[in-house]
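# Summary of structural features
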Amino acid sequence: EGFHDKVIDALQLAKKELQEKKEKANFIRIIMRFPKIKAVFARLRAIHARCDKSGDGVVDMEELTEAMTVLFNEGRAEGREPIKPDVVARTLSMSEVEEGGNSKQQ
């Protein structure tokens, strides 16, 4: 299923939900934003590809740790010690997302 099909499915779902609520949406306004939306998705795909070093389509914990380490250190003030990957890994391990990508239930 391509990008075009996913957009059509999303629009049909949104239209159905709005009809059920007896509300109207300005689909012309939404459609006019498609180039911007498409550009955002392209950027996200590029970021994902850059982080997915193994090329398996999944950013695993090791790849995420490496990417976040680079990101955290990019804006670091000169002269400050760089953040180490083990600090990033520890921070990520405290997040609310399990390794499988599902949110933890509390």
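Okay, so let's go over this structure. (Residues numbered from 1 in each chain as written. Predicted model: local features only at pLDDT ≥ 70, side-chain atom pairs only at ≥ 80, totals over all residues. Heavy atoms only, no water.)

### Considerations on the pattern of salt bridges
Under the criterion given, the structure shown has two salt bridges. Salt-bridge contacts for Lys 53 lead to Glu 66; the nearest nitrogen and oxygen are separated by 3.8 Å. With Lys 53 in the loop between helix H3 (34-51) and helix H4 (61-74) and Glu 66 in helix H4, the pair connects residues that are 13 residues apart, well separated along the chain. Residues Lys 84 and Glu 81 are paired through a salt bridge, measuring 2.4 Å at the closest nitrogen-oxygen approach. By relative accessible area, Lys 84 is classed as partly exposed at 41%. Glu 81 sits in the exposed class, given a relative accessible area of 53%. (Salt bridge = Lys/Arg side-chain N within 4 Å of Asp/Glu carboxyl O. Helix = DSSP H or I, 4+ residues; strand = E, 2+ residues; numbered from the N terminus. Buried < 20%, exposed > 50% of the residue type's maximum accessible area, 1.4 Å probe, protein only.)

### Focus: the packing of H4 against helix H5 (residues 85-93)
Where H4 meets H5, the closest approach of the two axes is 9 Å, and the angle between their N-to-C directions is 115°. As far as their axial angle goes, H5 and H4 are roughly perpendicular. Remark: the crossing between H4 and H5 carries right-handed chirality. Residues Met 61, Leu 64, Thr 65, Met 68, Thr 69 and Phe 72 of H4 pack against Pro 85, Val 88, Ala 89 and Leu 92 of H5. Classifying every residue of the contact of H4 with H5 by side-chain character gives eight nonpolar, two polar and no charged. (Axes fitted to C-alpha atoms, helices over the stretch in contact; angles between N-to-C directions. Parallel < 35°, antiparallel > 145°, perpendicular 65-115°, else oblique. Left-handed = near helix turned anticlockwise from the far one by under 90°. Contact = heavy atoms within 4.5 Å. Nonpolar A, V, L, I, M, F, W, Y, C, P; charged D, E, K, R; others polar.)

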